[in-house]
Amino acid sequence: MDAAHLVARYGGALDRRRLHELGATDHDLRRALRAGSLNRPRRGWYSTWPERDPRFRAMRVGGRLTGISAVAALGGWVLDRHLLHVAVPTNAARLRSQWRRDIRRADARPDGAVIHWVAPAHDRGSSTGIVDLAEAIELVCRTEPAEQAIAVLDWVRRTGRLDRIELAELSERLGPLRWLVEASIENCDSLPESLARTRLRAAGVQVSTQVGFTDSPERIDLVLEGAVAVEVDGDEHHRERFEVDRARDLAITRVGLHAVRPSARHVFTRWPEVQAALVRALRERGILVDLHNSGLAQVGRPATRRESAPPGLVAAKAPELWRPARAG
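The structure displayed is predicted, hence computed values, not measured ones.

Focus on the sheet that holds strand S1 (residues 13–15)
(1) Moving on: Strands sit in the order S2-S1-S6 across an open sheet of three strands; the sheet is antiparallel. Either end of the sheet is taken by a strand with one partner, and the two such strands are strand S2 (45–47) and strand S6 (126–127).
(2) Moving on: Across three bridges, S1 lies against S2 in antiparallel orientation. Looking at the pairing, Leu14 lines up with Tyr46 of S2.

Encoded structure:
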C-alpha cells in the first residue's frame, strides 16, 4: 500500500493507529520513511509535509498552526515574516522544539514559536495542521497590529472564506475589537491596497474605495477626499500591464482627478514617501492637510472630511502601522 498517498488524502498527517485502520502496515510505513515520502513530526504521527513546512513544525511542537501563521499557510495577506504561532490543548504534555523532536521545549532555547493554550481537545487520528479559520482570525485580531488584522479580514471577505453569519459571530466574540471587522471591505484586491487604505484612514483622510470613473465597469482603487486617485500596483504586477495602466491614468486625469500609482514595494517599505506625495497632491487640489507619524496634525479644510477614522485607527508616535515585523 502507498502509505504516503493515504496520508495525503486525509489532510497531510495521520497517526499510526488510524493508518492501521485504513490498511497500512508497519512495513508500508518504514518503506515510505526510507523513501522520504513520509516524515515523522512526533512519535506515532506520519506526515507528507516537508520538515520546513510550518504545519510540520507546529505538529512537532505538539499542536496546530493558528493566528497569523495559519493565515499565511492558507495563502492569506500577511505582511513580513512572523513567529510560528501554535495552538496546543490545555492538557498537552511533552511539547517539543519546532526544530527537533528530540528536544523538549522546556529545555530548548527560544526557538521562534509562540504557544497558545486552547480548549482541551486533540486531533483524533488525522490532521490538516491548521486550526479552524475563524479561530485563527480571532487570534489575529487580538494579537496583530490593526493594519494586519484588517488586511486579513479584507482577504477573508474578498475570497469568501467566511460567510456573513460567520463574520457576525466573529464580530460578536471580538467585543470592543469588532470595529476591525467593520473597517474591512469585500472588494479590496490586494494586501498593499488594504494597507494603504487603512493607513490613510488612520491618518484621518477620507477614503472612498473602488470608485467608478467611466462608463465601463472599471474602478479606481482609492479616491482621497474626492480629488486624488490612488491605484496601488499589486505584488505580481507584470510588464504587459504597463500600457493598460498608463491608459487608466490618462482616463483618471481626464475626469478631473490627480492620479498617483505607488508600487507594492513602496507601500511595504517606503510608506512615509508615499504619504508625503499624497499630501502634496491633495494640497495642489486646495485640500490642506498636514500628516505626521502621530496622526492628523492639521486639516486646513475640515469640511472635506466626510468620515472619521474608526476607533483604534490612530497612528502611534512610533509608526507601528508601517514598521516591519521582526523576523522569527
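Next, the rest of the story.
Some points on the nonpolar core
Generally speaking, nonpolar side chains in soluble globular proteins are found buried as a group.
(1) Moving on: Grouped together as the largest cluster of nonpolar side chains are 48 residues, with contacts concentrated most on Ile137, Leu224 and Val228.
(2) Moving on: If near-sequence neighbours (up to four positions away) are discounted, Leu224 is found in contact with Leu200, Val205, Gln206, Val207, Val230, Leu278 and Leu282.
(3) Moving on: With 15 residues, the next largest nonpolar core counts Ala70, Ala87, Ile115 and Ile130 among its residues.

As for the environment of Leu19
(1) Moving on: Within the fold, Leu19 resides in helix H2 (residues 16–21).
(2) Moving on: You can call Leu19 buried: its relative accessible area is 0%.
(3) Moving on: Apart from the residues within four sequence positions on either side, Leu19 is in contact with Leu6, Val7, Leu14, Ala24, Leu29 and Tyr46.

Here we look at the confidence of the model for the protein chain
(1) Moving on: Chain-level pLDDT for the protein chain is 81 on average; 77% of the residues reach the 70-or-more range.
(2) Moving on: Note on residues 292–309: pLDDT under 50 across the span, and 44 contacts to partners over four residues away in sequence or across chains.

With respect to the pattern of salt bridges
Between side chains of opposite charge, a pair can form when the charged atoms approach closely.
(1) Moving on: Using the criterion set out here, one finds 14 salt bridges in the structure.
(2) Moving on: Residue Arg16 pairs with Asp26 through a salt bridge whose shortest N-O separation is 2.6 Å. Here the residue Arg16 occupies a position in helix H2, and Asp26 occupies one in helix H3 (residues 26–35), the gap between them amounting to ten residues.
(3) Moving on: Arg142 is the partner of Glu138 in a salt bridge, and the nearest nitrogen-oxygen pair spans 3.2 Å. You can see Glu138 and its partner Arg142 sitting in helix H6 (residues 133–143), four residues apart, about one turn around the helix.
(4) Moving on: A single salt-bridge network, built from bridges that share partners, covers Glu138, Arg142 and Arg173.

Let's talk about the sheet that holds strand S7 (residues 207–212)
(1) Moving on: The strand order across the open sheet formed by four strands is S7-S8-S9-S10, and the pairing between neighbours is mixed. Two strands lie at the open edges of the sheet, namely S7 and strand S10 (258–260), each paired on one side alone. On average, each strand axis in the sheet is inclined to that of its neighbour by 35°, with strand direction left out of account.
(2) Moving on: Alignment of strand S9 (residues 228–230) against S10, held across three bridges, turns out to be parallel. Paired with Val228 across the strands is His258, a residue of S10.
(3) Moving on: Helix H13 (residues 271–284) rests against strand S8 (219–224), S9 and S10 of the sheet, and its axis sits at about 150° to S9.

Here is what the cut-offs are and how they apply
Residues numbered from 1 in each chain as written. Predicted model: local features only at pLDDT ≥ 70, side-chain atom pairs only at ≥ 80, totals over all residues. Heavy atoms only, no water. Pairing = 2+ DSSP bridges. Helix = DSSP H or I, 4+ residues; strand = E, 2+ residues; numbered from the N terminus. Core = buried A, V, L, I, M, F, W, Y, C linked by side-chain atoms within 4.5 Å. Buried < 20%, exposed > 50% of the residue type's maximum accessible area, 1.4 Å probe, protein only. Contact = heavy atoms within 4.5 Å. pLDDT = per-residue confidence, 0-100. Salt bridge = Lys/Arg side-chain N within 4 Å of Asp/Glu carboxyl O. Axes fitted to C-alpha atoms, helices over the stretch in contact; angles between N-to-C directions.

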